[in-house]
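An overview of the molecular structure
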Amino acid sequence: MAKNNIPDGQGASQRQLRVGELIRRTLSELLMRGEVHDPDLNRVSITVGEVRMSPDLRIATAYVCPLGGQGGEDVVALLARNKGEIRRLVNKQLTIKFSPDLRFRLDDTFDRLEDTRRMFAQDSVRRDLDE
């Protein structure tokens, strides 16, 4: 019986990580240079924190955050509105067999980091850590 190559809870493969990082860098450069022909999108500085690829490399989910953290949902909507053009520009830069479908999600890593800092600042947690 053939073993399937789809990882089940093992995390991303090296290929997924490599392609995701290539797309993340390309997206960051495109948005930084303002190559997308949307003045609303070019007015905002956007951080692309991570790009996660599906196991078959057909779907790329980009986790983005506007600089300053304000208006995140608006930025995701702007990116989704320009998804076709962004996909075309990304695929022009990369040499991969299939052009992945781009999906944009708000990156909440910084919010979770602040929650963790707040938790470590509590007296009861500091007391437990000192013991």
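Read on for a plain summary of the structure. Since the model is a prediction, treat every value here as computed from it, not as a measurement.

1. A look at the overall build of the protein
Secondary structure assignment for the protein yields six helices and three strands. Secondary structure elements of the protein, listed N to C terminal, follow the sequence α-α-β-β-α-α-β-α-α. The C-alpha radius of gyration of the protein comes to 18 Å, more than 25% above the 14 Å expected for a compact globule of 131 residues. A separation of at least 24 residues holds for 63% of the contacts in the protein among residues at least 6 apart in sequence. By element, 49% of the accessible surface of the protein is carried by carbon and sulfur atoms, the whole surface being about 9300 Å². Taken as two groups, the 22 positive and 21 negative side-chain charges of the protein have centres that lie 9 Å from each other.

2. Observations concerning the sheet that holds strand β1 (residues 46-53)
With respect to topology, three strands assemble into an open sheet ordered β1-β2-β3, the strand pairing being mixed. At either end of the open sheet lies a strand with only one pairing partner, and these are β1 and β3 (101-106). Recorded for the sheet is a direction-independent mean angle of 30 degrees between the axes of neighbouring strands. Of the strand pairs in this sheet, β1 and strand β2 (residues 59-66) are connected by seven bridges, and their pairing is antiparallel. Residue M53 lies in a different strand from β2, and its bridge partner there is A60. On top of the sheet, helix α3 (residues 72-81) reaches β1, β2 and β3; it is set at about 170 degrees to β3, its chief contact.

3. Regarding the packing of helix α5 (residues 109-121) against helix α6 (residues 123-130)
The geometry of α5 relative to α6 is characterised by a closest axis approach of 5 Å and an angle of 75 degrees between their N-to-C directions. Of the possible angle classes, the one that applies to α5 and α6 is roughly perpendicular. Touching M119, F120 and A121 of α5 are D123, V125, R126 and L129, all from α6. The class makeup of the residues in the contact of α5 with α6 is five nonpolar, no polar and two charged.

4. Some points on unusual backbone geometry
Backbone geometry follows two general trends: most residues other than glycine have a negative phi, and most peptide bonds adopt the trans configuration. Phi is positive for L57, which is not a glycine, with a value near 60 degrees. By the secondary structure assignment, L57 is in the loop between β1 and β2.

5. Structural notes on the nonpolar core
In this structure, I23, L27, L79, I86 and F104 are the most contacted members of the largest nonpolar core, which totals 25 residues. Among the secondary structure elements, those contributing two or more residues to this core are α1 (14-33), β1, β2, α3, α4 (83-93) and β3. By residue number, the principal contributor to this core is α1, which donates five residues. Every residue in contact with L27, bar those within four places of it in the chain, is listed here: V48, V51, A62, I86, V90 and F104.

6. Focus: the side chain of S54
Topologically, S54 is positioned in the loop between β1 and β2. A residue is classified by how much of its surface remains accessible, and S54, at 14% relative accessible area, is buried. A polar atom in the side chain of S54 sits 2.6 Å from the side chain of D56. When neighbours within four sequence positions are excluded, S54 is seen to be in contact with Q16 and I59.

Definitions and cut-offs
- Residues numbered from 1 in each chain as written.
- Predicted model: local features only at pLDDT ≥ 70, side-chain atom pairs only at ≥ 80, totals over all residues.
- Heavy atoms only, no water.
- Helix = DSSP H or I, 4+ residues; strand = E, 2+ residues; numbered from the N terminus.
- Rg over C-alpha atoms; globule rule 2.2 N^0.38 Å.
- Contact = heavy atoms within 4.5 Å.
- Areas by Shrake-Rupley, 256 points an atom, 1.4 Å probe, with all protein chains shown as cover.
- Lys, Arg positive; Asp, Glu negative; His and termini not counted.
- Charge placed at Lys NZ, Arg CZ, Asp CG, Glu CD.
- Pairing = 2+ DSSP bridges.
- Axes fitted to C-alpha atoms, helices over the stretch in contact; angles between N-to-C directions.
- Parallel < 35°, antiparallel > 145°, perpendicular 65-115°, else oblique.
- Nonpolar A, V, L, I, M, F, W, Y, C, P; charged D, E, K, R; others polar.
- Core = buried A, V, L, I, M, F, W, Y, C linked by side-chain atoms within 4.5 Å.
- Buried < 20%, exposed > 50% of the residue type's maximum accessible area, 1.4 Å probe, protein only.
- Polar contact = N/O pair within 3.5 Å; in protein donor to acceptor, adjacent residues only side chain to side chain.

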